[in-house]
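Examining the three-dimensional arrangement
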Amino acid sequence: MAMQKITGQPVPARRTFVRSVIYGGLAFYGLPAFARASKPPLGHVVVVGAGFAGLTAAKYLREWSMGNLKVTLIEPNPQFISCPQSNLVLGGSRTLDQLSFSYDIARKQHDLHWIRDSVMAVDMANKQVTLTRGSLSYDRLVLAPGVDFNYSKIPGMPAPVENIPHAWKAGKQTLQLRQQLESMPDGGVFVMTVPSGAYRCPPGPYERACQVAHYFKQRKPRSKVIILDANADIVSKKGLFLQSFNGAYQGMIEYHNNSEILQLDTSSKTIKTDFETVKADVLNVIPPQLAGKVAQVAGLNNVDNRWCEVDFVTYASTLQPDVHIIGDSISAGLPKSAHMATSHAKVCAAAIIDLQSGHGPNLLPVFANTCYSFVDDQQAMHVANVYRYDPAKKFMVSAEGGGVSAKASLQEGEYAQAWAQNIWAETLT
């Protein structure tokens, strides 16, 4: 396979990516009207956030406008760290370095104006964002801030606690949680809580349970994984995860549904629910989530004070037509996944180019989402769906296509690795 390097990490060359797109099920989009006709400069788009959503949007705003849109990307972090596959760091088959990439290729290849800073305020009346070191005007603003964590909803833990990492954004906390697992005695108990309702990566907690159990089987076989799920049931790939819980990890993983936290004692790592009191050696509390801070600062999280409502044709906020919101911050009723975020980004980028060039956007966007989960170091399984905009419902709905694995397998593990390589290349080059 032809490869190129991003800070020492191998990613497929672009030609290879196009050939192997089927593994990721990445959607294709019609070129925006401007891409088919020459036009003068189209204005300035400021993109906030360089995760899967923001970086993909910035790339295609430049590429599909043929360089006629100026794009400024604002991102505080020095490098990209992939959340997909970060659970494998806990299981021991990936390192965080293998999931960390430089932004250099995307920045240079697409001539992006890049500012390493944070947004402090958004003046939507005057179309201006305030950074810690100045301000910036825009014609259109794209917000891709991901998720924030709502500790006020955790009884007994109203703020982050240093020795109870969520590790729900890959990075330092991922390593911290791995180190806690390594330090835990054989026969210890790992307890993980799952928040109710929408959160980033619906199958992520159950994949994490499998990865921790896989590590325990190799190194600490008398240990146990307890999942305290606030939801009524496993919310994604239920049958597939149960095959592992009741199969390879029988007796090691305990799944408890309807287990909302009633009280948490952080000093003793003890959780009380309606049904029981559980004490952990390693405690992993995944907090309830809401739209990222920039969306909150802008006052655009207008659905239950959590998520942002958008027009799915353009991803413009229903409160501010010149501000577009993509990725995990929106209220969509669809999985909050990396693949979904890149799909939002492409539809949004095409719509902005059309709008800035005086054309109407595509009124019937279609895209796909694929999500892989590993149950050990090699076997994975997937779920895939196609979504189509329904003008009557004004919502993206499931369309024909898609499917789910019959079982986890080595072959699907190879597909999952190819999917990851493809989406990293798609986003970062």
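Heads up: the structure comes first, above all this text.
The notes below deal with the structure included here. This one's a predicted model, so the numbers in the text were calculated from it and none came from an experiment.

Once that is clear, we can look at the sheet that holds strand β17 (residues 270-272). Taking strand neighbours across the sheet as the criterion, the 3 strands line up as β16-β17-β18 in an open arrangement whose pairing is antiparallel. At either margin of the open sheet sits one strand with a lone partner, and together these are β16 (263-265) and β18 (277-279). Mean inter-strand twist for the sheet, computed between neighbouring axes without regard to direction, equals 15°. Where β16 lies against β17, 3 bridges are found, and the strand directions are antiparallel.

For any two aromatic rings, the description comes down to two numbers: the centre-to-centre distance and the angle of the planes. In the structure shown here, the tally under the stated rule is 14 aromatic pairs. Centroid distance phenylalanine 80 to phenylalanine 101: 6.4 Å. Interplanar angle 50°. Geometry classified as tilted. Of this pair, phenylalanine 80 sits in strand β5 (residues 80-81) while phenylalanine 101 sits in strand β6 (residues 100-101), and the two are 21 residues apart along the sequence. The burial state of phenylalanine 80 is the same as that of phenylalanine 101; both residues are buried. Ring geometry for phenylalanine 367 against tyrosine 387: centres 6.2 Å apart, planes inclined by 50°, an arrangement best described as tilted. Taken together, the positions of phenylalanine 367 in strand β24 (residues 366-374) and tyrosine 387 in strand β25 (residues 380-390) put the pair 20 residues apart, joining distant regions of the chain. Residue classification places phenylalanine 367 among the buried residues on the basis of a relative accessible area of 1%. Three or more aromatic residues link up through ring pairs in this structure, and these residues are Phe52, Phe80, Phe101, Tyr103, Trp114 and Trp424. The cationic tip of arginine 107 hangs over the ring face of tryptophan 114; the distance from NZ or CZ to the ring centre is 5.8 Å. When the ring centre of tyrosine 215 is taken as origin, the NZ or CZ atom of arginine 178, which lies over that ring, is 4.3 Å away.

A few words on the environment of lysine 172. Its location among the elements puts lysine 172 in helix α6 (residues 172-183). With relative accessibility at 68%, the residue lysine 172 sits in the exposed group. Sequence-wise, lysine 172 and lysine 59 are 113 residues apart; in three dimensions their C-alpha atoms are separated by 27 Å.

The rules behind these values
Residues numbered from 1 in each chain as written. Predicted model: local features only at pLDDT ≥ 70, side-chain atom pairs only at ≥ 80, totals over all residues. Heavy atoms only, no water. Pairing = 2+ DSSP bridges. Helix = DSSP H or I, 4+ residues; strand = E, 2+ residues; numbered from the N terminus. Axes fitted to C-alpha atoms, helices over the stretch in contact; angles between N-to-C directions. Phe/Tyr/Trp six-rings, centres within 6.5 Å; stacked < 30°, edge-to-face > 60°. Buried < 20%, exposed > 50% of the residue type's maximum accessible area, 1.4 Å probe, protein only. Lys NZ or Arg CZ within 6 Å of the ring centre and 35° of its normal.

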